[in-house]
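Chain and residue survey
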Amino acid sequence: MSFKASLLHFIVMSALVLTPLSVAAQDRPVQLVGLGDSLMAGYQLAPGESYTAQLETALKAKGHNLVVANAGVSGDTTAGGLSRVDWSVPDGTDGVILELGANDALRGISPEETEKNLDAILTRLKERGIAVLLAGMLAPPNMGGDYAERFNPIYQRLSEKHGVPLYPFFLDGVTTMEGMQLEDGMHPNARGVATMVEKSLPAVESFLGDIGRGGN
């Protein structure tokens, strides 16, 4: 066999071997995890009505190949999230939507402690090479102005410190809006979650683009 024929044979065989692997890699769904509390878990909602479920449906409708796992635990604080982050976010996860802090504020936990815990969670995920979209929270008005001044800036500071994108307020479009909450007046109903998904969708799509480019 001539040199040119041998070279052509090598190129053809290499293409046959490598193409299936490349296609398989492209076909692999992006693995997202929603790490949070009852707002992520879908408190008192049907499984298909949670934030992660509705987000996955909305993203797939826009052509994204992905799975959004629900790692929300009702009642969880940032301390609880820190204690379980390693097993709640499995190996192979590409990105995490981190939503914690609402229960800290409701319980009056020191904002400095909340920031410390979120900082540690972000550090753990960064060490594992997992991208993060940080979802912010605002202190409830009944906690007073001093508490809000200490609590509300936490998320922007951590976003800048760790170089992760920030979605400023997870409950945007739902808080104080009629017909968006359950009877407790705190947790979103299915309609409220749909609004949360609609509002956050551009930020999540941008986050997916960062993951695709190997950023974050």
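Below, the structure is looked at part by part. Given the structure is predicted, the values throughout are model-derived calculations rather than measurements. (Residues numbered from 1 in each chain as written. Predicted model: local features only at pLDDT ≥ 70, side-chain atom pairs only at ≥ 80, totals over all residues. Heavy atoms only, no water.)

Now for the sheet that holds strand 1 (residues 30–36). Read from one edge to the other, the open sheet built from five strands follows the order 2-1-3-4-5, with strand pairing classed as parallel. Each edge of the sheet is formed by a strand with only one pairing partner; in this case those strands are strand 2 (66–72) and strand 5 (166–167). Relative to the sheet, helix 6 (residues 111–127) contacts strand 1, strand 3 (95–99) and strand 4 (131–135), its axis offset from that of strand 3 by approximately 175°. Relative to the sheet, helix 8 (residues 154–162) contacts strand 4 and strand 5, its axis offset from that of strand 4 by approximately 160°. (Pairing = 2+ DSSP bridges. Helix = DSSP H or I, 4+ residues; strand = E, 2+ residues; numbered from the N terminus. Contact = heavy atoms within 4.5 Å. Axes fitted to C-alpha atoms, helices over the stretch in contact; angles between N-to-C directions.)

Those residues of helix 8 not exposed but buried are Ile154, Tyr155, Leu158, Ser159 and His162. Looking straight down helix 8, one finds that the buried residues subtend no more than 130° of arc, so they occupy a single side. Exposed positions of helix 8 whose direction lies more than 90 degrees from the buried face are Glu160 and Lys161. Note on helix 8: the residue one or two positions beyond its end, Gly163, has a positive phi of about 65°. (Buried < 20%, exposed > 50% of the residue type's maximum accessible area, 1.4 Å probe, protein only. Arc of directions from axis to C-beta.)

Contact pair helix 3 (residues 51–61) / helix 9 (residues 190–212): the axes reach a minimum separation of 9 Å and the direction vectors enclose 55°. By the criterion of interaxial angle, the relationship of helix 3 to helix 9 is oblique. Crossing handedness for the pair helix 3 and helix 9: right-handed. Counting all contacts with helix 3, which are made through Tyr51, Gln54, Leu55, Ala58 and Leu59, the residues of helix 9 involved are Ala190, Val193, Ala194, Met196, Val197, Ser200, Leu201, Val204, Glu205 and Leu208. Residues that form the contact of helix 3 with helix 9 fall into these classes: 12 nonpolar, two polar and one charged. (Parallel < 35°, antiparallel > 145°, perpendicular 65-115°, else oblique. Left-handed = near helix turned anticlockwise from the far one by under 90°. Nonpolar A, V, L, I, M, F, W, Y, C, P; charged D, E, K, R; others polar.)

In total, this model carries three aromatic pairs according to the counting rule given. Arranged with centres 4.8 Å apart and planes meeting at 65°, the rings of Tyr51 and Phe170 form a pair that is edge-to-face. On the criterion of sequence distance, the pair formed by Tyr51 in helix 3 and Phe170 in the loop between strand 5 and helix 9 is long-range, its members being 119 residues apart. Its relative accessible area of 2% is what places Tyr51 among the buried residues. Between Phe151 and Tyr155 the ring centres are 5.9 Å apart and the planes differ by 65°, which places this aromatic pair in the edge-to-face class. Looking at Tyr155, the relative accessible area reads 2%, which means it is buried. Ring pairs connect the aromatic residues Tyr147, Phe151 and Tyr155, which therefore count as one cluster. (Phe/Tyr/Trp six-rings, centres within 6.5 Å; stacked < 30°, edge-to-face > 60°.)

A maximum bend of about 50° is found in helix 9 at Leu201, where proline Pro202 lies one to four positions downstream. Burial in helix 9 covers these residues: Gly192, Val193, Thr195, Met196, Val197, Ser200, Leu201, Val204, Phe207, Leu208 and Ile211. (Bend = angle between axes of the 7 residues up to and from the residue.)

It is worth spelling out the environment of Pro140 at this point. Along the chain, the position of Pro140 falls in the loop between strand 4 and helix 7 (145–151). In this structure the C-alpha to C-alpha distance between Pro140 and Leu106, which are 34 residues apart in sequence, comes to 7.2 Å. Contact partners of Pro140, with chain neighbours within four places excluded, come to Ala105 and Leu106.

Let's shift gears to the pairing of strand 4. Taking burial as the measure, the five residues of strand 4 include five buried ones, the bulk of the element. Covered by surrounding structure in strand 4 are Ala131, Leu133 and Ala135 together with Val132 and Leu134, the residues of both alternating faces. Where strand 3 and strand 4 come together, four bridges link them in parallel fashion. Within the sheet, the bridge partner assigned to Leu98 lies in strand 4 and is Leu134. Sheet topology note: the strand 4/strand 5 ladder contains two bridges and is parallel. If you follow Leu134 over to strand 5, its bridge partner there is Leu166.

A separate point is empty space enclosed by the protein. Here the structure, examined in full by the defined rule, presents one cavity of 30 Å³ or more. Of the voids in this model, the largest cavity is the one considered here, and its volume is about 30 Å³. Lining the largest cavity, in full, are Ser38, Leu39, Gly42, Tyr43, Leu45, His187, Pro188 and Val193. When the residues that make up the lining of the largest cavity are grouped by side-chain class, the tally is five nonpolar, three polar and no charged. (1 Å grid on protein atoms, 1.4 Å probe; cavity = no way out; pocket = protein on both sides within 12 Å on 5 of 7 lines; lining within 4 Å. Points joined across faces, edges and corners; volume = space filled by probe spheres on them.)

Just geometry here; none of it tells us what the structure is for.
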